[in-house]
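A look at the structure
The chain contents come next:
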Protein chains: 2
Amino acid sequence: MKGKRTTLETSTCAIARSLEVIGDWWSLLIIRDALAGTRRFGEFQKSLGLAKNILSNRLLKLVACGVMTTVPASDGSAYKEYVLTERGERLYLVIAALWQWGEEFCFPPGQLSYDLVDSLKQEKLSPIELKAQDGRTLGPRDFSPRVLLR
Amino acid sequence: MKGKRTTLETSTCAIARSLEVIGDWWSLLIIRDALAGTRRFGEFQKSLGLAKNILSNRLLKLVACGVMTTVPASDGSAYKEYVLTERGERLYLVIAALWQWGEEFCFPPGQLSYDLVDSLKQEKLSPIELKAQDGRTLGPRDFSPRVLLR
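Residues numbered from 1 in each chain as written. Chains lettered and ligands numbered in written order. Predicted model: local features only at pLDDT ≥ 70, side-chain atom pairs only at ≥ 80, totals over all residues. Heavy atoms only, no water.

**Quick notes on the relation of the copies chain A and chain B**
By a simple turn and slide, chain A fits onto chain B: the slide is 0.0 Å along the axis, the RMSD is 0.0 Å, and the turn is 180°. Taken together, the rotation and translation relating the two chain copies correspond to the operation of a two-fold axis. Across chain A, the smallest distance between a C-alpha and the rotation axis is recorded for A:Val94, namely 2.9 Å. Mapped onto chain B, 100% of the interface residues of chain A are again interface residues, and the two copies thus contact each other with one and the same surface. (Least-squares fit on C-alpha atoms with pLDDT ≥ 70 in both. Contact = heavy atoms within 4.5 Å.)

**Quick word on the side chain of B:Arg32**
Examined against the element boundaries, B:Arg32 turns out to sit in helix 3 (residues 25–35). Residue B:Arg32 is classed as buried on the basis of its relative accessible area of 17%. With residues up to four places along the chain from it excluded, the contact list for B:Arg32 reads A:Cys13, A:Ile15, A:Ala16, B:Ser47, B:Leu48 and B:Ile95. (Helix = DSSP H or I, 4+ residues; strand = E, 2+ residues; numbered from the N terminus. Buried < 20%, exposed > 50% of the residue type's maximum accessible area, 1.4 Å probe, protein only.)

**Topic: the packing of helix 3 (residues 25–35) of chain A against helix 2 (residues 14–22) of chain B**
Each packed pair of helices is defined by two parameters, the angle between the axes and the distance between the axes. Remark: helix 3 of chain A packs on helix 2 of chain B, axes separated minimally by 10 Å, with the N-to-C direction vectors making an angle of 165°. Taken together, helix 3 of chain A and helix 2 of chain B sit at an angle that is classed as roughly antiparallel. Between helix 3 of chain A and helix 2 of chain B lies a crossing of right-handed hand. For the pair helix 3 of chain A and helix 2 of chain B, the contacting residues are A:Trp25, A:Leu28, A:Leu29 and A:Arg32 in the first and B:Ile15, B:Ala16, B:Leu19 and B:Glu20 in the second. (Axes fitted to C-alpha atoms, helices over the stretch in contact; angles between N-to-C directions. Parallel < 35°, antiparallel > 145°, perpendicular 65-115°, else oblique. Left-handed = near helix turned anticlockwise from the far one by under 90°.)

**Side note on helix 7 (residues 92–105) of chain B**
In a regular helix each residue adds 1.5 Å, so 14 residues correspond to 20 Å; helix 7 of chain B covers 20 Å between its end C-alpha atoms and thus fits that length. Burial of helix 7 of chain B is extensive: 13 of the 14 residues sit out of reach of the surface. (Expected span 1.5 Å × (residues − 1).)

**Some remarks on the pattern of salt bridges**
A full pass over the atoms with the stated rule returns 26 salt bridges over all chains. The residue B:Lys121 makes a salt bridge to A:Asp134 at a minimum N-O spacing of 2.8 Å. Here B:Lys121 is found in the loop between strand 3 (114–118) and strand 4 (130–131), whereas its partner A:Asp134 is found in the loop between strand 4 (130–131) and strand 5 (137–138) on a different chain. On the basis of relative accessible area, A:Asp134 is assigned to the partly exposed category, the value being 37%. A salt bridge links A:Arg141 to B:Glu89; its shortest N-O distance comes to 2.9 Å. On the criterion of chain membership, the pair formed by A:Arg141 in the loop between strand 5 and strand 6 (143–147) and B:Glu89 in helix 6 (residues 86–89) is interchain, its members lying in two chains. It is possible to trace a salt-bridge network through shared partners that takes in A:Arg39, A:Arg40, A:Asp75 and A:Glu81. (Salt bridge = Lys/Arg side-chain N within 4 Å of Asp/Glu carboxyl O.)

**Some words on the environment of A:Phe105**
In this structure, A:Phe105 sits in helix 7 (residues 92–105). Along the chain, A:Phe105 and A:Asp75 lie 30 residues apart, while their C-alpha atoms are 41 Å from each other. Excluding anything up to four places from it in sequence, A:Phe105 contacts B:Glu86, B:Arg87 and B:Arg90.

**Description of the packing of aromatic side chains**
Residue and element names in this part refer to chain B. Inspection of the entire model under this criterion finds four aromatic pairs over all chains. Taken together, a centroid distance of 5.8 Å and an interplanar angle of 35° make the contact between Trp 101 and Phe 105 tilted. Of this pair, Trp 101 and Phe 105 are both found in helix 7, four residues apart, which corresponds to roughly one turn of the helix. A relative accessible area of 4% means that Trp 101 is categorised as buried. (Phe/Tyr/Trp six-rings, centres within 6.5 Å; stacked < 30°, edge-to-face > 60°.)

**What about the interface of chain A and chain B?**
Of the residues lining the interface, 83 residues belong to chain A; the matching set on chain B comes to 83 residues. Between chain A and chain B lies a buried interface of about 8,400 Å² when both sides are counted; carbon and sulfur atoms form 62% of it. Ranking the residues of chain A by area buried against chain B places A:Trp25, A:Trp101 and A:Arg146 at the top, with a combined share of 9%. Our count for the contact surface shared by chain A and chain B stands at 10 salt bridges. At the surface where chain A touches chain B, the tally comes to 42 residue pairs in polar contact (both at pLDDT 80 or more). (Buried area = accessible area lost by both parts, 1.4 Å probe. Polar contact = N/O pair within 3.5 Å; in protein donor to acceptor, adjacent residues only side chain to side chain.)

**Considering the environment of B:Pro145**
Relative to the helices and strands, B:Pro145 is located in strand 6 (residues 143–147). Here B:Pro145 falls in the partly exposed class, since its relative accessible area comes to 45%.

**Section: the pairing of strand 3 of chain B**
A regular strand places its side chains so that they alternate between the two faces of the sheet. For strand 3 of chain B, the buried fraction is high: four of the five residues fall into the buried class. Sheet topology places strand 6 of chain A next to strand 3 of chain B; five bridges connect them, and they run antiparallel. Looking at strand 3 of chain B, one finds that A:Pro145 is bridged to B:Leu116. (Pairing = 2+ DSSP bridges.)

Encoded structure:
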């Protein structure tokens, strides 16, 4: 694990650096729960069914990476709460893209129990699209990395 | 590891099921390379700097999950090549969302070496947006899961 981290932190690839921060499986599920409003250690644990030491480790990592931060409990109790920073919140597009892919490719017909809806109108979200500057919708082979000259 | 897999394969959450298939860190980097045209074991290994046994294991898993498939070598040689299935190709939105997040939040100013461009015009891609059915752009707190009634 340590070898992998050292490598990717300095990778020139934005995907590799992202995965260094949130590539851990549980980290993304913690972020999913945090986006849905979960804030307390015990609530994360109940939702994820995760051992306390592993959850604690992941939350610490997310805080260290600037994806989450701790705040005093909203009810004035002694608990601290974990909330997403702006950096963390902005992962919602990754979360939504994963959801839509999973919804389409990881459930047999009729097995889906939830879908994602727009909170205002309670309508199913539009499928995410990748667009060029001029508005063209791009497919999986329509984009590529470009070296930035300095 | 085995415990986690058993849990998530049958999860009702589409994100959890997606991560079961592609949540592994290396798997997403393999998919990134495959989208960019990499097809051969040796090419993946050179790009990822990954031990042969680990790469072999991840490729086998991606094939078993229906994200990749093997085909005879395009040059008629004895090598087999690994290509994305439709299920795998459609992860390009997850890859692009990760790229854009990493580009924005994982590089100090001026450190970015690559960006993602539209292959036709070589222009930087538009930022991905999440949209409601009526076209409204949604933020991180504007959507939620809905239980599907049966």
